[in-house]
Amino acid sequence: MHITMVGAGYVGLVSGACFSDFGHYVVCVDKDEKKIAALNKGEIPIHEPGLSDLVARNVAQGRLAFVTDLKGAVSRSEVVFIAVGTPSRRGDGHADLSHVYAAAREIAASLPESAVVVTKSTVPVGTGDEVERIIREEKKDAKFAVVSNPEFLREGAAIQDFKHPDRIVIGTEDAFAKEVMAEVYRPLHLNASPILYTSRRTAELTKYAANSFLATKITFINEIADLAEKVGANVQEVARGIGLDNRIGSKFLHAGPGFGGSCFPKDTLALIKTGQDHEAPLRIVETVVAVNDQRKRAMARKVANAFGGNIRGKTIAVLGITFKPNTDDMRDAPSIPLITALQDLGAAIRVFDPIGMEQAKKVFENVTFCRDAYDCARGSHAIVIVTEWEQFRALDLKKMATIMAAPVIVDLRNVYSPEDVTRNGFHYCGVGRPKPLAY
Ligand code: NAD
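Calculation criteria
- Residues numbered from 1 in each chain as written.
- Predicted model: local features only at pLDDT ≥ 70, side-chain atom pairs only at ≥ 80, totals over all residues.
- Heavy atoms only, no water.
- Near = heavy atom within 4 Å.
- Polar contact = N/O pair within 3.5 Å; in protein donor to acceptor, adjacent residues only side chain to side chain.
- Areas by Shrake-Rupley, 256 points an atom, 1.4 Å probe, with all protein chains shown as cover.
- Helix = DSSP H or I, 4+ residues; strand = E, 2+ residues; numbered from the N terminus.
- Nonpolar A, V, L, I, M, F, W, Y, C, P; charged D, E, K, R; others polar.
- Core = buried A, V, L, I, M, F, W, Y, C linked by side-chain atoms within 4.5 Å.
- Buried < 20%, exposed > 50% of the residue type's maximum accessible area, 1.4 Å probe, protein only.
- Contact = heavy atoms within 4.5 Å.
- Pairing = 2+ DSSP bridges.
- Axes fitted to C-alpha atoms, helices over the stretch in contact; angles between N-to-C directions.
- Domains from an automatic or database assignment.
- Buried area = accessible area lost by both parts, 1.4 Å probe.
- Salt bridge = Lys/Arg side-chain N within 4 Å of Asp/Glu carboxyl O.
- Expected span 1.5 Å × (residues − 1).
- 1 Å grid on protein atoms, 1.4 Å probe; cavity = no way out; pocket = protein on both sides within 12 Å on 5 of 7 lines; lining within 4 Å.
- Points joined across faces, edges and corners; volume = space filled by probe spheres on them.
- Phe/Tyr/Trp six-rings, centres within 6.5 Å; stacked < 30°, edge-to-face > 60°.
- Lys NZ or Arg CZ within 6 Å of the ring centre and 35° of its normal.

K.L.:
Please give an account of the site of the ligand that cites residues and values.
P.N.:
If you check the shell around the ligand, you find 26 residues, and the closest are Asp30, Lys35, Thr86, Glu155 and Lys266. Between the ligand and Thr86, the relevant distance is 2.5 Å, taken from an oxygen atom to a side-chain nitrogen or oxygen of the residue. Here an oxygen atom of the ligand sits 2.9 Å away from a polar atom, N or O, in the side chain of Arg331. Protein contacts shield 90% of the accessible area of the ligand, which totals 840 Å² for the unbound molecule. Mapped onto the shell around the ligand, the elements with two or more residues apiece are helix H1 (10-21) and helix H5 (98-110). Among the residues making up the shell around the ligand, the classes are represented as 8 nonpolar, 8 polar and 10 charged.

Okay, structure coming up:
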């Protein structure tokens, strides 16, 4: 099939590359000329494991191309995906749909007489109706359908997720569109990935419900962690104890510094707004957002508490600043409010991240960017592990202790055993776990 992917960001680029790997002919369109020029030189603008090889292979085989000319690409396509950003609208937290509607207008102008337009961006209920209205205004007699096909991939494991999804949700009641979408996803269907056909509005709501539920799970275990600290229990064992229950499941039960990233913060807010607009308030999600917001600064207080509440004049080494490992994405990363709060408390900040340093330089001011974890720890009074990159799981603690100004580890991802760390002479502070007795 001939597919146009409008938007070559995390989702558009991964989806486009994977569709071409299935054997479809894909043109990824982006209005960012620099991004397209880089892609045409074989440079991948994001860090995503396996993506570089996947793109190179499919470009070489003539099935994947990158252009800025939307009209030319759309006019030759049977299916046009919209994968542009839907950030929070400034001021009110609704999803900002300006990119989606702008893309819809451009697509309408050159859509062939028979085509399927698919919204892959995360969009609030009813957006598909508006996209359809925009296209119909331009193409009065065309045979087209607008489908919702939300994307569930995770950054850092995006290709694996795209090629082996837990499910594919396709929101349309149009028979022709169903046939076309079945063909688009045929290789996955053969792999026995479940395909769920729903109404368009149901598909749109499913994506927000999924992300909000996962954000709720994280926030729930974070609050249990706070209680565990107070009552001398171990949140990791509680998580295992409840996660082994099939009705609950073990994923997204890792206590930490609060959720962040390119999706959960904006999607929980947008769902709250949709609920309020329809007089069906989502009070649980409202609470999740409020609890999670407070947690970021609370993590800075946790660091200060390791020093009796005062870190003025102390140097803090922050390890990991992307919102999770295996990505360079800094959007709404928990490290951002945490570092600001530590600076507000008077600490000097050193940072290191294996992949995110370029992004970090655009975000942080008045911090020292370091070469590696040891360079970061040198002269610091505490290491704070914010993102659980693999390379932070086996630090040479003996070496660390000799180069630091004070041996303190605040492990916001619980990657270390408190006993091991304490045995190496460190003061250890994790999340929701009892303090080791030895120190
Ligand atoms: P992104 O910001 O990385 O990429 C969006 C791209 O669209 C940008 O390159 C931008 O230049 C381009 N663009 C915007 N308007 C355009 C237009 N009119 N024509 C051509 N290109 C245009 O965003 P993303 O992270 O890929 O997210 C895209 C959507 O997918 C969002 O709705 C997001 O919520 C959703 N989503 C993201 C993820 C994720 O992990 N990032 C996962 C699932 C769903």
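K.L.:
So what's going on with the nonpolar core? Which residues, and what values?
P.N.:
Membership of the largest hydrophobic core comes to 60 residues, with the highest contact counts inside it found for Ile316, Val318, Leu319, Leu342, Ile349, Leu395 and Met400. Excluding residues that lie within four positions of it along the chain, Ile349 makes contacts with Ile316, Val318, Ile339, Leu342, Gln343, Val367 and Thr368.

K.L.:
Please provide a residue-by-residue account of the sheet that holds strand E9 (residues 315-319), values included.
P.N.:
Strand pairing in a sheet relies on backbone hydrogen bonds. The paired strands run either parallel or antiparallel. Read from one edge of the open sheet, 6 strands run E11-E10-E9-E12-E13-E14, paired in parallel fashion. Single-partner strands in this sheet number two, and they are strand E11 (367-369) and strand E14 (427-429). On average, adjacent strands in this sheet sit at an angle of 20 degrees to one another, irrespective of strand direction. Sheet topology note: the strand E13 (residues 408-411)/E14 ladder contains 3 bridges and is parallel.

K.L.:
How would you explain the domain arrangement of the protein if you had to name every residue and give the values?
P.N.:
Under the domain assignment used here, the protein contains domain 1 (2-198) and domain 2 (234-439). The C-alpha centroid of domain 2 is placed 34 Å from the C-alpha centroid of domain 1. Taken together, the contacts link 18 residues of domain 1 with 16 residues of domain 2. Taken together, both faces of the contact between domain 1 and domain 2 bury some 1300 Å²; the carbon and sulfur share is 51%. When the buried surface of domain 1 facing domain 2 is broken down by residue, His47, His94 and Glu155 rank first, second and third, together holding 40% of it. Inspection of the region where domain 1 meets domain 2 yields 1 salt bridge.

K.L.:
Requested: an account of helix H12 (residues 264-277), with residues and values cited.
P.N.:
Compared with the 20 Å implied by 1.5 Å per residue over 14 residues, the 20 Å span of H12 between its first and last C-alpha is a close match. Extensive coverage of H12 is indicated by the burial of 10 of its 14 residues. Inspection of H12 places Phe264, Pro265, Lys266, Asp267, Thr268, Ala270, Leu271, Ile272, Thr274 and Gly275 among the buried residues, and these make up the whole buried set. Its buried side turned inward, H12 meets helix H10 (200-231) and helix H13 (283-305). With its phi angle positive at about 50 degrees, Glu279 sits one or two positions after the end of H12.

K.L.:
Outline empty space enclosed by the protein, supporting the account with residue identities and numerical values.
P.N.:
With the rule as written, the count across this model stands at 1 cavity of 30 Å³ or more. One number sums up the size of the largest cavity: a volume of about 30 Å³. Every residue along the wall of the largest cavity is listed here: Ser121, Thr122, Val123, Ser148, Pro150, Ala203, Glu204 and Lys207. Of the residues contributing to the lining of the largest cavity, the split by class is 3 nonpolar, 3 polar and 2 charged.

K.L.:
An account of the packing of aromatic side chains is requested, with residue identities and associated values reported.
P.N.:
Enumeration over the complete set of coordinates arrives at 9 aromatic pairs. Judged by centre distance (5.1 Å) and plane angle (85 degrees), the rings of Phe19 and Phe162 are edge-to-face. Taken together, the positions of Phe19 in helix H1 and Phe162 in helix H7 (residues 158-163) put the pair 143 residues apart, joining distant regions of the chain. Both residues of the pair, Phe19 and Phe162, belong to the buried class. Aromatic pair Phe252 and Phe264: ring centres 6.2 Å apart, planes at 45 degrees, arrangement tilted. Taken together, the residues span a long stretch of sequence, with Phe252 in the loop between helix H11 (235-243) and H12 and Phe264 in helix H12 at a distance of 12 residues. Each residue in the set Phe19, Phe22, Phe81, Phe162 and Tyr185 is aromatic and connected to the rest through ring pairs, giving one cluster. When the ring centre of Phe176 is taken as reference, the NZ or CZ atom of Lys143 above it lies at 3.9 Å.

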